[in-house]
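What the coordinates show
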Amino acid sequence: MSDTTSSSASEVIPDRPAARNGRSGGPSGDMPTVGEVPVPALDAGVEEEREYVGLLYRRLDELREEKETQLSEVRSTGAVGTMQNVSERDAFATMYEDRLAQLNAVDDRLVFGRLDLDGGDCRYIGRIGLTTAERQRLMLDWRAPESGVFYQATAFDRQGVRRRRHLMLRRRDVQGVEDEVLDPDLLEETAENHGDGALLAALNARRTGQMGDIVATIQAEQDRVIRSDLPGVLVVQGGPGTGKTAVALHRAAYLLYSHRERLKSAGVLIVGPNSTFMSYIDRVLPSLGETGVVMSSVAELYPGVRGVEEQDSRVAEIKGRLQMAEVIGAAVAQRQRTIAEPREVDVDGVKVSVTPAMINRARERARATGKPYNEARTTFVKVVVKDIAEKLERILAKRSEGNEADRSYLVEDVRTARDVRVLLNLCWLPRTPQNLLEDLWSRPAYLEAAAPMLTRTERDLLRREPGEPFTVADVPLLDEAAELLGYLDESAGREEARQKAARERQLEDARKAVENATPAMAEMGIEGFLSAEDVVSLNEETAARLSAAERAQVDRTWTYGHVVVDEAQELSPMQWHVLMRRCPLKSFTVVGDIAQGSSASAATSWQAAMEPFVGERMRVEELTVNYRTPRRIVDLAEAVARSEGLDITSLRTVREGDHAPAVDQVADDAVVPAVVEAVDAEFGKVGDGLVAAIVPERLHASARRALRERFGERVGDGAGSLSQDIVVLTADDAKGLEFDAVVVVEPAELREEAAGRIGSLYVALTRPTQSLHVVHSGELPAGFDAR
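From a predicted model like this one, the values you see are computed outputs, not experimental measurements.

Below, the discussion takes up the sheet that holds strand E24 (residues 768-776). With parallel pairing, the five strands of this open sheet are ordered in space as E20-E24-E23-E21-E22. For this open sheet the edge positions go to strand E20 (662-665) and strand E22 (726-729), each flanked by a neighbour on one side alone. Here the average twist between neighbouring strands, direction ignored, is 20°. In terms of strand pairing, strand E21 (residues 691-694) meets E22 through four bridges, oriented parallel. Residue pairing across strands places Val 691 opposite Ile 726, the latter belonging to E22.

What follows concerns the side chain of Glu 480. As for its position among the elements, Glu 480 is in helix H19 (residues 475-485). A residue is classified by how much of its surface remains accessible, and Glu 480, at 7% relative accessible area, is buried. In this structure Glu 480 touches Ala 325, Ile 328, Met 574, His 577 and Arg 581, once residues within four positions along its chain are discounted.

Residues given the UniProt feature "binding site: ATP" (unreviewed entry) here are Gly 238, Gly 239, Pro 240, Gly 241, Thr 242, Gly 243, Lys 244 and Thr 245. Residue position: Gly 238 is located in strand E10 (residues 233-238). When its relative accessible area of 0% is taken as the criterion, Gly 238 is described as buried. Ignoring anything within four residues of it in the chain, the contact list for Gly 238 reads Lys 244, Gly 592, Asp 593, Gln 596 and Leu 623. Secondary-structure assignment places Gly 239 in the loop between E10 and helix H6 (244-258). If we ignore the near neighbours within four places in the chain, the residues touching Gly 239 are Lys 244, Asp 593, Gln 596, Leu 623 and Leu 651.

A few words now on the confidence of the model for the chain. Averaged over every residue, the pLDDT of the chain is 81; the share at 70 or more is 80%. When pLDDT is averaged over each helix and strand of the chain, the minimum, 41, is found for strand E1 (residues 16-17) and the maximum, 96, for helix H18 (residues 456-462). In this model, residues 1-37 is a region of pLDDT below 50 whose contacts with residues beyond four sequence positions or in other chains number 109 contacts.

Right, let's get into the sheet that holds strand E17 (residues 618-623). Strands in a sheet are paired, the pairing made by backbone hydrogen bonds, and the direction either parallel or antiparallel. The parallel open sheet is built from six strands, whose spatial order is E12-E11-E15-E16-E10-E17. Each having just a single partner strand, strand E12 (294-297) and E17 make up the two edges of the open sheet. Ignoring which end each strand starts from, the neighbouring axes of this sheet average 15° apart. Sheet topology note: the strand E11 (residues 268-272)/strand E15 (residues 562-565) ladder contains four bridges and is parallel. If you follow Ile 270 over to E15, its bridge partner there is Val 564.

Counting residues in hydrophobic clusters, the biggest one holds 87 residues, and the most contacted among them are Phe 380, Leu 440, Trp 576 and Phe 588. Counting residues per element, this core draws most heavily on helix H13 (residues 373-399), which supplies 11 residues. If we ignore the near neighbours within four places in the chain, the residues touching Phe 380 are Ile 359, Ala 362, Arg 363, Ala 366, Leu 424, Cys 427 and Trp 428. If you look at the next biggest cluster of nonpolar residues, it comprises 70 residues, including Ile 125, Phe 150, Tyr 254 and Val 742.

Bringing a negative patch on the surface into the picture now. Taken together, the side chains of Glu 309, Glu 697, Asp 732 and Glu 753 define an acidic patch exposed on the protein surface. The topology assignment puts Glu 753 in helix H28 (residues 747-753). On the accessibility criterion, Glu 753 (39% relative accessible area) is partly exposed.

This part is about H19. In terms of residue burial, H19 counts as a mostly covered element, since nine of its 11 residues are buried. Of the positions making up H19, those classed as buried are Val 475, Pro 476, Leu 477, Leu 478, Asp 479, Glu 480, Ala 481, Ala 482 and Leu 485. Buried-residue contacts for H19 involve helix H10 (313-319), helix H11 (324-333), H13, helix H16 (433-442) and helix H23 (573-582). Note on H19: the residue one or two positions beyond its end, Gly 486, has a positive phi of about 75°.

Right, let's get into the side chain of Ser 442. Turning to its location among the elements, Ser 442 is positioned in helix H16. Owing to a relative accessible area of 13%, Ser 442 belongs among the buried residues under this scheme. From its side chain, Ser 442 meets the backbone oxygen of Glu 438 in a polar contact 2.7 Å long. Beyond its immediate chain neighbours, meaning those up to four positions away, Ser 442 contacts Arg 463, Arg 464 and Pro 466.

This part is about unusual backbone geometry. Residues other than glycine seldom take positive phi values, yet Asp 348 does so here, at roughly 50°. Here Asp 348 shows up in the loop between strand E13 (343-347) and strand E14 (350-354). Overall, the relative accessible area of 64% leaves Asp 348 in the exposed class.

For the pair H11 and H19, interaxial distance at closest approach is 10 Å and the crossing angle is 45°. Judged by the inter-axis angle, H11 sits oblique to H19. Read as a crossing pair, H11 and H19 show a hand that is right-handed. In contact with Met 324, Ala 325, Ile 328, Gly 329 and Val 332 of H11, H19 contributes Leu 477, Glu 480, Ala 481, Leu 484 and Leu 485. Of the residues belonging to the contact of H11 with H19, the class tally is eight nonpolar, one polar and one charged.

What counts as what
Residues numbered from 1 in each chain as written. Predicted model: local features only at pLDDT ≥ 70, side-chain atom pairs only at ≥ 80, totals over all residues. Heavy atoms only, no water. Pairing = 2+ DSSP bridges. Helix = DSSP H or I, 4+ residues; strand = E, 2+ residues; numbered from the N terminus. Axes fitted to C-alpha atoms, helices over the stretch in contact; angles between N-to-C directions. Buried < 20%, exposed > 50% of the residue type's maximum accessible area, 1.4 Å probe, protein only. Contact = heavy atoms within 4.5 Å. UniProt positions renumbered as here; feature names shortened; annotations may be inferred. pLDDT = per-residue confidence, 0-100. Core = buried A, V, L, I, M, F, W, Y, C linked by side-chain atoms within 4.5 Å. Patch = residues over 30% accessible without salt bridge, like charges linked within 9 Å, V, L, I, M, F, W, Y side chains within 5 Å. Areas by Shrake-Rupley, 256 points an atom, 1.4 Å probe, with all protein chains shown as cover. Salt bridge = Lys/Arg side-chain N within 4 Å of Asp/Glu carboxyl O. Lys, Arg positive; Asp, Glu negative; His and termini not counted. Charge placed at Lys NZ, Arg CZ, Asp CG, Glu CD. Polar contact = N/O pair within 3.5 Å; in protein donor to acceptor, adjacent residues only side chain to side chain. Parallel < 35°, antiparallel > 145°, perpendicular 65-115°, else oblique. Left-handed = near helix turned anticlockwise from the far one by under 90°. Nonpolar A, V, L, I, M, F, W, Y, C, P; charged D, E, K, R; others polar.

Encoded structure:
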């Protein structure tokens, strides 16, 4: 049985004939079949579609069982045979593991659409492609070119589509069907299956704290962005609720499908604003059939470090400037020093004079390698140690004239001498990115020398005590330092030399063994059965085989084939600097909303954000329909934004909404109790929906405590508990998320927490899908009176 889970665009597999006129589709009147299951007729309902969906799931289970068997057989062979055999076994094991992960991830709601086309052909659209063992197509991958019309066809431009059917599944069971008839002639031929509308049903569904895919309800303007060409920088500008994040994730899945060979080995990186957001979206790509993407928040872009929030927005803004790359460069260069006058070092009781000329010559030799700081230091150390050893040898030769003893040991004696090690570190101290940055922030003189372009006040703001955790704004600076410092080999190359010498000895032993075995094997008619390299390799311990995504996550120097950046308006120039290094080809999908910018380094325009890195080489697409937020809430949010001078594009909305925004003013000491009552009231409106209280930092703990007293375990512990019924978040934590109802607390204070920027408040007001409740004690920002 062949593995046929995906059909490429180049496969020539005919569409299946579909039933016409509510009867069978062939001239003879026979019902067309796939396997033993008849294709449902045009006027078929839920029960008939269940039969075909059952066939699809049976095929999925067959493939899953097939891959499990193949994987088990491969694993049972063990590490035997030639190196090529072992490599092939590992490659097959990885392939089967990846396919199993894909088949398991798409089990829920495998198929969601059906197209009935002019000429009677029928196509089912799903999360992956499926064919029978005989290569007869059962279902198209939603990313295949032929599937595009499912999202693009309209009554004005049918593109050959007579009817588009949405299949509503819960797990594996068909719960309902909904038809969109695009061909007027078909209206008389079929009994339509009307529903609430697949899109509206999805929009009105209860939020779970985990983002769902929109693969079944992608709209035409979203599909155009998703299927855009790969090369270059695509900027997707979209207001709240336009589906920017969903579009970005579906685009990543589409690109991996359409450009598999290019992207599989290099990988795709998806970057989001914080860990809460990354947790919110982490199931989307697996549900779309992709499991090998690297996902990271901006706080985790440097392996091994998770940056904490920068408490002072002024500090974040300074660290985010592109000129900080110059500061890091200067800090690295200043670690290379010389000596002003000759200096004596003691090597086993013998005094040797080290001159400035010796140090300067070694430094020039090291710099001439063009290697990063720590790697160039290896050359510096070797040159200085060699020069000192030669001087030492001359001194010893004079003392014992005529003694021709081997003095090759002197190099190691010099290298390990305490005085020499102190001198080497004084002139060229080995550095890690972490201790370089810590020194920069904790030593005022060091920072002043490296950053003369900063004012005294700015340098004072950057001051911090040693040992304090690194912040999100430090992450790109650590990356820049790592790029300039390079790998730190504290043995100055000795370990590498030892390993090289050991392998040479092993190869020599292996050559002798092969030579001894060759005559006997030749008599048996076997020639060239094994090389010395094979013998050594088979006896080496091999590291666990990692996928490209797994290797990329732990390798700071990894470069990706494509990078997707969400909430991109918040990134600082230094963060962009790091991401551009991660993708030298400059292949990016950048999504965000300039109006929602709230960070200290938030962009004022896409041109300003991207021009330093890509110049004019970018194209901008705009999403114009708000699918999430009802019109009544959008009107209020836009009025508040415009009253503060924010330049926003008015969005079209899909729904009017059932609830007008509620605004309650209370006494200052009654805010927290009022939040509890507001949350209770919102539950009355949205039933068992997900409710968020978006509060200022000072009220975060007290609001959560009061809600716990009223609602108990239904209240989550914060941003990491989006699966609970109630969550308490800051405005920054809420960025990119959505809830059934939102209680916004002290909007004026939320604005001030963002240094007076309205972006955070605009974000908070546009998170709900159903209902908005505002609680405040002081004056409201302008614009609320327009409701």
